Amino acid sequence: MSILYAILISLAACSAAAALEGSCAGKNVRSYFAKLRFPPYSAPLWVWYIIGGLYYLLFFFLIYRILRHDGDTVLRNTALIFILFMMVANGLWNYVFFRSRNLRLSFISSSLAPIFDIALFVLLVQLDRLGTLAIVPYLLYRVYALWWGYNLWKF
């Protein structure tokens, strides 16, 4: 695939996922966040916005790298499907967290995400070394996010 098409498709996928996330979160993100009782070492809302930006930057990069990959099309397509599923699930999670305000369900659904994270990591190991290295900080962040979600639910 050409560089331009890979960039445009990656940008379109991330834009659509961000639009879904924003739509699912709704308009009362700030006010809801202000009402929560946070566990120790919680990031303020502005840091979560940065994390979200880095998330989309990472997934843009991964989609781009995978689209430019010339090797095994089954692995490539499987990785793309995993990424798209993960991005949609992330967007829908915002509905559970911000609109439904169901901290228990948001934690349970977040607990399932590492299955897909690890599967994507395994696919990337086989497809793209740079993509594999790029996802490592995200996997480390997931450990914090799970800890945070559990403690937010229990506080």
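On a predicted model such as this, the values are computed, not experimentally measured, just so you know. (Residues numbered from 1 in each chain as written. Predicted model: local features only at pLDDT ≥ 70, side-chain atom pairs only at ≥ 80, totals over all residues. Heavy atoms only, no water.)

### A word on the overall build of the protein chain
Logical step 1: A count of helical and extended segments in the protein chain gives six helices and zero strands.
Logical step 2: Moving toward the C terminus, one meets the helices and strands of the protein chain in the order α-α-α-α-α-α.
Logical step 3: Relative to a compact globule of 155 residues, whose C-alpha radius of gyration would be 15 Å, the protein chain shows 16 Å and is just as compact.
Logical step 4: On the principal axes, the C-alpha backbone points of the protein chain span a range of 50 × 25 × 20 Å.
Logical step 5: Buried residues in the protein chain amount to 36% of all 155 residues. (Helix = DSSP H or I, 4+ residues; strand = E, 2+ residues; numbered from the N terminus. Rg over C-alpha atoms; globule rule 2.2 N^0.38 Å. Buried < 20%, exposed > 50% of the residue type's maximum accessible area, 1.4 Å probe, protein only.)

### Overview of a nonpolar patch on the surface
Logical step 1: Taken together, the side chains of Met1, Leu4, Tyr5, Leu8 and Ile9 make up a nonpolar region of the molecular surface, amounting to roughly 520 Å² of accessible area.
Logical step 2: Among the secondary structure elements, Leu8 is positioned in helix H1 (residues 3–25).
Logical step 3: In this structure Leu8 comes out as partly exposed when scored by relative accessible area, which is 45%. (Patch = residues over 30% accessible without salt bridge, like charges linked within 9 Å, V, L, I, M, F, W, Y side chains within 5 Å. Areas by Shrake-Rupley, 256 points an atom, 1.4 Å probe, with all protein chains shown as cover. Salt bridge = Lys/Arg side-chain N within 4 Å of Asp/Glu carboxyl O.)

### Focus on the confidence of the model for the protein chain
Logical step 1: The predicted model of the protein chain averages 95 in pLDDT, with 100% of residues at 70 or higher.
Logical step 2: Summarising per-element confidence for the protein chain, the mean pLDDT is lowest in helix H2 (residues 29–35) (91) and highest in H1 (97). (pLDDT = per-residue confidence, 0-100.)

### Focus on the packing of aromatic side chains
Logical step 1: Under the criterion given, the structure shown has 22 aromatic pairs.
Logical step 2: Ring geometry for Trp48 and Trp148: centres 4.7 Å apart, planes at 45°, overall tilted. With Trp48 in helix H3 (residues 45–68) and Trp148 in helix H6 (residues 129–154), the pair connects residues that are 100 residues apart, well separated along the chain. Like Trp48, the residue Trp148 is buried in the burial classification. (Phe/Tyr/Trp six-rings, centres within 6.5 Å; stacked < 30°, edge-to-face > 60°.)

### What about the side chain of Ser110?
Logical step 1: By the secondary structure assignment, Ser110 is in helix H5 (residues 103–127).
Logical step 2: Judged by relative accessible area, Ser110 falls into the buried class, the value being 15%.
Logical step 3: With near-sequence residues (within four places) excluded, Ser110 lies in contact with Trp93 and Leu146. (Contact = heavy atoms within 4.5 Å.)

### Thoughts on unusual backbone geometry
Logical step 1: Positive phi, normally seen in glycine, also occurs at Tyr41, with a value near 65°.
Logical step 2: The backbone of Arg101 sits at a positive phi, close to 55°, despite the residue not being glycine.
Logical step 3: Taking relative accessible area as the criterion, Arg101 reaches 36% and is therefore assigned partly exposed.

### As for the packing of H1 against helix H4 (residues 73–99)
Logical step 1: As a packed pair, H1 and H4 sit with axes 7 Å apart at the nearest point and diverge in direction by 15°. Taken together, the axes of H1 and H4 lie roughly parallel to each other. Handedness of the crossing formed by H1 with H4: right-handed. Between H1 and H4, the contacting residues are Ala13, Cys14, Ala17, Leu20, Glu21, Ser23, Cys24 and Ala25 on the first element and Leu84, Met87, Val88, Asn90, Gly91, Leu92, Asn94, Tyr95, Phe98 and Arg99 on the second.
Logical step 2: Looking at side-chain class alone, the contact of H1 with H4 contains 12 nonpolar, four polar and two charged residues. (Axes fitted to C-alpha atoms, helices over the stretch in contact; angles between N-to-C directions. Parallel < 35°, antiparallel > 145°, perpendicular 65-115°, else oblique. Left-handed = near helix turned anticlockwise from the far one by under 90°. Nonpolar A, V, L, I, M, F, W, Y, C, P; charged D, E, K, R; others polar.)

### What about the nonpolar core?
Logical step 1: Counting 24 residues, the largest nonpolar core has Phe59, Leu62, Ile63, Ile83, Met87 and Leu120 as its most contacted members.
Logical step 2: Contributing elements (two or more residues each) for this core: H1, H3, H4, H5 and H6.
Logical step 3: Ranked by size, the runner-up nonpolar core spans 13 residues in total, among them Ala25, Leu45, Phe97 and Phe98. (Core = buried A, V, L, I, M, F, W, Y, C linked by side-chain atoms within 4.5 Å.)

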